[in-house]
Amino acid sequence: MKRLLVLLFTVALSGCATLHEPLPPDFKGPIVRVTDTGYTEDRSKAQFFVLQEVDGKAINNSIFESRKASHGRGFALTTIYITRGLPATPMKIKLLGTHQTAAPIHEIASRAAGTFFSVEGVVDFTPIPGRDYFVRGELKKEGSSVWLEDATSNQPATDKVHSKR
């Protein structure tokens, strides 16, 4: 029994992701700010467009924050959209556009009904120091996409990642 508990505990811990801070506390160079976006479809379902990784390292994003805020609230989804600083240097970023629901059973039902969409991919990003950027996207049955947009020009700052149709 003791071995079983140790095994279960080890398996549970292995599922935890280590999140990296994209902007080290002692960083002194130029920075940019990137904000996750999305919108609420109803009380328990929303669309999220988030920055998921920087140079292959997972970072905190609005999906994690919304899950924490929604924990223990049943079918009520609380959406949180975060902004984080990044060094203004060329990097590879992983973007994610996806539906999120407050309860796993709602996601299963949405997938079965064909109303749950997701797209992700890695793109090159060369930020302009001092600028702000938004993760933008669209989730549609015909095809979904996600990209980074310059807040000053409202133009894409990266290639668009498209789902396979």
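Residues numbered from 1 in each chain as written. Predicted model: local features only at pLDDT ≥ 70, side-chain atom pairs only at ≥ 80, totals over all residues. Heavy atoms only, no water.

## Considering the sheet that holds strand S8 (residues 132-138)
What counts is decided by this rule: Pairing between strands is defined by DSSP: at least two bridges between them are needed. Think of it this way: any DSSP run of H or I at least four residues long counts as a helix, any run of E at least two long counts as a strand, and we number them from the N terminus.
Here we have 5 strands laid out as an open sheet, ordered S5-S1-S8-S9-S10, and mixed in their pairing. The sheet terminates laterally at strand S5 (83-87) and strand S10 (161-162), the two strands that pair on one side only. Where strand S9 (residues 145-150) meets S10, 2 bridges bridge the pair, whose relative direction is antiparallel. Within S10, the position partnered with Val146 by the bridge is Val161.

## Topic: the packing of aromatic side chains
Spelled out, the test is: When two rings of Phe, Tyr or Trp (its six-membered ring) have centres within 6.5 Å they constitute a pair, described as stacked for plane angles under 30 degrees, edge-to-face for angles over 60, and tilted for the intermediate range. Burial classes: relative accessible area under 20% of the type maximum marks a residue as buried, over 50% as exposed, and values in between as partly exposed (1.4 Å probe, protein chains only). By the criterion adopted, a ring carries a charge over it if an Arg CZ or a Lys NZ lies within 6 Å of its centre and within 35 degrees of its normal.
Per the counting criterion, the structure on display carries 2 aromatic pairs. Taking 5.4 Å as the distance between ring centres and 40° as the angle between the ring planes, the aromatic pair formed by Phe48 and Tyr81 counts as tilted. With Phe48 in strand S3 (residues 45-54) and Tyr81 in the loop between helix H2 (62-70) and S5, this residue pair connects regions lying 33 residues apart in the sequence. Phe48 sits in the buried class, given a relative accessible area of 0%. Here Phe125 and Tyr133 contribute two aromatic rings whose centre-to-centre distance is 4.9 Å and whose plane-to-plane angle is 85°, an arrangement assigned as edge-to-face. Judged by relative accessible area, which is 2%, Tyr133 ranks as buried. Its guanidinium or amino end placed over the ring of Trp147, Lys160 lies 4.1 Å from that ring's centre, counting from NZ or CZ.

## Side note on the environment of His106
Going by this rule: Residues are treated as being in contact if the distance between any of their heavy atoms lies within 4.5 Å.
As for its placement among the helices and strands, His106 is situated in helix H3 (residues 104-113). Taking the relative accessible area as the measure of exposure, His106 reaches 17% and is therefore buried. Taking the C-alpha atoms as reference points, His106 and Phe116, separated by 10 residues in sequence, lie 9.8 Å from one another. Once residues lying within four places of it in the same chain are set aside, the contact partners of His106 are Asp42, Ser44, Lys45, Phe75 and Thr101.

## Remarks on the nonpolar core
Condition: Here, nonpolar core refers to any group of buried Ala, Val, Leu, Ile, Met, Phe, Trp, Tyr and Cys residues whose side-chain atoms link them within 4.5 Å.
Ranked by size, the top nonpolar core spans 21 residues in total, and within it Leu51, Leu86, Ile93 and Val135 carry the most contacts. Those elements that place two or more of their residues in this core are strand S1 (31-35), S3, strand S6 (91-101), strand S7 (118-125), S8 and S9. Setting aside its immediate chain neighbours within four residues, Val135 contacts Val34, Thr35, Asp36, Thr37, Phe49, Val50, Leu51, Leu95, Val146, Trp147 and Leu148. Within the second largest apolar cluster, 6 residues are counted, among which are Ala46, Phe48, Ile63 and Leu96.

## Quick word on the pattern of salt bridges
For clarity, the threshold we go by: Any Lys or Arg side-chain nitrogen found within 4 Å of a carboxyl oxygen on Asp or Glu counts as a salt bridge.
Scanning all chains against the criterion turns up 10 salt bridges. The salt bridge involving Glu53 is made with Lys94; its shortest N-O contact spans 4.0 Å. Linking Glu53 in strand S3 with Lys94 in strand S6, this pair joins segments that are 41 residues apart in sequence. Given the relative accessible area of 19%, Lys94 is considered buried.

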